[in-house]
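Coordinate inspection notes
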Amino acid sequence: MKTLPLIMWARYAYLAGLVLALIALIPVVWFPLQLGKLAFFAMALVVASAFFFLGGGTGGVLGKRGLVPALCVGLLPVSYLLSYVFATNKTVGLLGYTVEADTVLFVSVCFLAFLFSFFMFRRASAVRTLLLSTGIASALALVFQFISIIAGKALFATTVFGDPSVNLIGKWNDAGLVAGFVLVMLLVWSELLPHSRNRRIQILAGALVLVLFLAIVQSSFIWACVLGASVVTVCSILAAHSRMHGAKAALRSLPWMPIVAGLISAAFLLWGNVFQSGIVHFFPVSSLEVRPSLTTTFDVLRASHGDSVERFLIGTGPATFGDTWFAYKPASINQSQFWNLDFNVGYSTIATALATVGVLGTLAWLIPLVLSLLALLRILRSDYEPKEKAMGLSLAAGALYLWLVALIYVPSQNILVLAFALSGALLAFSYKTPADAPAHVVTKRTRATATVLVLVAVLFLAFAGFIIGRRYFSESTANKGLVALQQNDMTTALADAQHAMDIEQTIDSLQFATLTGTAALSDLVQSTTTPSDTLKQAFAQQVQATAAVGQAAILKNPNDYRSYILLAKVYDLLAQIGVQGAYDTATTLYATALSHNPTNPSIPLAAARLAAVHGDTKTAESALSKSLELKSDYTDAILFAVQLYVDRKDTKNAIAAAQAAVKSAPGVPSIWFELGLLYYSSADYKDAAAAFAQAVALQNDYANAKYFLGLSYVQIQRVPDAIQQFKDLTVSNPDNAEVKLILSNLGQGKAPFDGAQPPVTSSPQTRETAPIQ
């Protein structure tokens, strides 16, 4: 049957959206990668659905087998809506912050992506185009990545690609997932179709390159996915051969490439770190990605659900894992190096759903996986031609691989979109009927009903595309402003913050506006050139604007502790300059933030610093004790304790606290310098010299540490070593008169400051640094 032109264009638009979702990227640091990719796909899906509707595609699928199972995937957004109605926090359930995977809008778009893929990729030629499009796009992304790894610093030094872990797909592990996806489909295709010797060599070379890339990525869960997909592939190929040629013939023609791929995966699972230690010498790529363990995820899940049957069934609400993490994070996490990471997802996409949308939502997530497995069984039992069966099994391998990924990992949104698209096409292809099969009779009423439903879907997609696009522009504008703020371009940062809010007042844009406003207030406080009246007027206006957006950010999501912290910083600054009532407001905001994130030690530390500046020593010590109780090795809190002891002239306890600080952060030279100053001020010059020497060892150009190290050497009669330190300082500070004086005196056997009074800045008793640049 000939395909209508508009239906064909609908298919091309859909494929364009998939390709853009995989490889679209604007090479600037402010580009919100996954939101941008989702926006591209949503816009393409809007066009595809409109072409499909206008081309009369509704009539072409009515009555086709598989429509009812396909519609069952719609239970996923339904379960999310149900969970949203009873959510503990409804402010993030519909869109989240950047339309994350665990939101009502995203799963709705995924359902429609599944449905239109089911409508448009039933025929073998369409499935072949789908496989080629996604395969070629993935291959191009991986080729680009190899170029970036090998010659990225030379070719892309001034762009984001200067970092070889930056890729077209998304996260570094996402690139590895796509490599595994291509490898699995390539293995199936190579085993089910006859190939010439040269073609087999090319396939083998491609598979080896993909294995090399996976070795560079070296992610256990990716190897586990490849191993699982290889096992399914081997079983599927043997079943297909057995059906066509008999069991004995199937065993005589074992699919060696999938078997070898499975063995390689198992080897990398067992000894991957050993292999990678040699590979990184040739391909120096490192990327750390952290997520909660499966055990920790379930601990948080049980704590949030409690004994409630309602929470067990429908969870705490879409996109609420972050709230749950803040409230029930295990105390042991604070003793790890990842204590300050805020996790919005759990161990995997499916595990996260179990916490947020409960058992019902999780079962709904598994529907596409179950349909894919059933479709695979139908294809294995079918009498398709070899080429068609190869395409069907390749499609099944790719879809099942991606669903296995969702079970044990948190792939980015574009990977999940691809999983839904492949599953929809797989289900449709498994129900493929012969071209000469009798047409199904459809009543006018059924056709009208279907037309209305498809039109509603098109209109919903148009609305969703607008919402996603608007959020993309707001997020990208805020990101541009953040870059400007980091470059101290306050005018641009303030303008971008306002522009982002004008586009859409999201939690992110409001929080960024609060951050930028606080930075502007700090600049005004430190301003010495602005006339007094102008300064007061500008300061008052900025305070009013910043406080307003800070309050708006809190209202957008009252459970987000970060909004309270940002607004508290505003009043913290006002309290430091003596604004009446600011101290009490800031203290209340810090306390509220702590109630939403009770295990975060940085919040009571911020409150302690505020109290210390206000002169409330008792409150400061209490808040500091709370911070250290939450994290006993919290370096910032320990250093603040040092400051409090020094202010009270308690050198003994100050030294003890500084010793604890260097144990908690032994690689930070400034802390060793701090400890050295304390030793020096208590006339313990030997220990002072050891501390300063450690600071210099960690940072060879640490001029202040060299300065006091030289003075300490003088005190312990190591004058030649002291002379060497000051000689080094004359090289880095050639115009410093004090260094020249000290060096001259030491060379003549005199005291360092003989003939001159040492400047106040060089006195460690005042706890100020040396006069060194």
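Just so we're clear, the structure is a prediction, and the values are computed from it rather than from any experiment.

Per the secondary structure count, the protein includes 34 helices and zero strands. Of all intrachain contacts in the protein linking residues separated by at least 6 positions in sequence, the fraction that spans at least 24 positions is 72%. On the protein, roughly 34,200 Å² of surface is accessible, and the fraction owed to carbon and sulfur atoms is 62%. Computed over 51 positive and 43 negative side-chain charges, the separation of the two mean positions in the protein equals 17 Å.

Applying the stated criterion to the full structure yields 11 salt bridges. Residue R471 is joined to E504 by a salt bridge in which the shortest nitrogen-to-oxygen separation is 2.7 Å. Note that R471 is positioned in helix 20 (residues 444-486) and E504 in the loop between helix 21 (490-503) and helix 22 (507-526), a separation of 33 residues in sequence. Accessibility expressed as a relative area gives 10% for E504, which makes it buried. One salt bridge in this structure joins D560 and R562, with 2.9 Å as the shortest N-O distance. Relative accessible area serves as the criterion here: at 1%, D560 is assigned to the buried category. Given the relative accessible area of 24%, R562 is considered partly exposed. Through salt bridges with shared partners, a single ionic network connects D342, D560 and R562.

This part covers the side chain of T362. Mapped onto the secondary structure, T362 falls in helix 17 (residues 358-381). With a relative accessible area of 10%, T362 lands in the buried category. If sequence neighbours within four positions are ignored, T362 has contacts with I350, A353, L354 and V357.

With that settled, consider the nonpolar core. Ranked by size, the top nonpolar core spans 142 residues in total, and within it Y14, F116, W365 and Y401 carry the most contacts. If sequence neighbours within four positions are ignored, Y401 has contacts with G176, L177, G180, F181, V184, I222, C225, V226 and A229. Within the second largest apolar cluster, 48 residues are counted, among which are I655, A657, A688 and L709.

For the rest of this paragraph, the subject is the packing of helix 1 (residues 5-23) against helix 19 (residues 413-430). At a closest axis distance of 9 Å, the pairing of helix 1 and helix 19 adopts a crossing angle of 150 degrees. Relative to helix 19, the element helix 1 is oriented roughly antiparallel. You can see that helix 1 and helix 19 cross each other, and the crossing is left-handed. Residues Y14, L18, A21 and L22 of helix 1 form the contact with helix 19, whose participating residues are N414, V417, L418 and A421. Of the residues in the contact of helix 1 with helix 19, the class split is seven nonpolar, one polar and no charged.

Bringing a nonpolar patch on the surface into the picture now. A cluster of nonpolar side chains, L82, V85, F86, V309, F312, L313 and L360, forms an exposed patch at the surface whose accessible area comes to about 610 Å². Within the residue set of the nonpolar patch, elements represented by two or more residues are helix 5 (75-85) and helix 14 (309-314). In terms of residue count, helix 14 provides more of the nonpolar patch than any other element does, three residues in total. Along the chain, L82 falls in helix 5.

On to the environment of W189. Locating W189 in the fold gives a position in helix 8 (residues 172-192). Judged by its relative accessible area of 27%, W189 falls in the partly exposed class. In this structure, the C-alpha to C-alpha distance between W189 and F31, residues 158 residues apart in sequence, is 36 Å.

Once that is clear, we can look at the confidence of the model for the protein. Residues shown with low pLDDT carry predicted positions that ought not to be read at fine detail. Mean pLDDT over the protein stands at 87; residues scoring 70 or higher make up 91%. Under a pLDDT of 50 for its full length, residues 435-439 has, in the predicted model, zero contacts with residues more than four places off or in other chains. Taken together, the stretch residues 758-768 has pLDDT below 50 and engages in 25 contacts with residues farther than four places along the chain or on a different chain.

Our focus in this paragraph is helix 15 (residues 321-328). With six of eight residues buried, helix 15 lies mostly within the body of the structure. When helix 15 is considered as a whole, its buried residues turn out to be F321, G322, D323, T324, W325 and F326. For helix 15, the secondary structure elements touched by its buried residues are helix 13 (294-305), helix 16 (349-356), helix 24 (561-576) and helix 25 (582-596).

Criteria and cut-off values
- Residues numbered from 1 in each chain as written.
- Predicted model: local features only at pLDDT ≥ 70, side-chain atom pairs only at ≥ 80, totals over all residues.
- Heavy atoms only, no water.
- Helix = DSSP H or I, 4+ residues; strand = E, 2+ residues; numbered from the N terminus.
- Contact = heavy atoms within 4.5 Å.
- Areas by Shrake-Rupley, 256 points an atom, 1.4 Å probe, with all protein chains shown as cover.
- Lys, Arg positive; Asp, Glu negative; His and termini not counted.
- Charge placed at Lys NZ, Arg CZ, Asp CG, Glu CD.
- Salt bridge = Lys/Arg side-chain N within 4 Å of Asp/Glu carboxyl O.
- Buried < 20%, exposed > 50% of the residue type's maximum accessible area, 1.4 Å probe, protein only.
- Core = buried A, V, L, I, M, F, W, Y, C linked by side-chain atoms within 4.5 Å.
- Axes fitted to C-alpha atoms, helices over the stretch in contact; angles between N-to-C directions.
- Parallel < 35°, antiparallel > 145°, perpendicular 65-115°, else oblique.
- Left-handed = near helix turned anticlockwise from the far one by under 90°.
- Nonpolar A, V, L, I, M, F, W, Y, C, P; charged D, E, K, R; others polar.
- Patch = residues over 30% accessible without salt bridge, like charges linked within 9 Å, V, L, I, M, F, W, Y side chains within 5 Å.
- pLDDT = per-residue confidence, 0-100.

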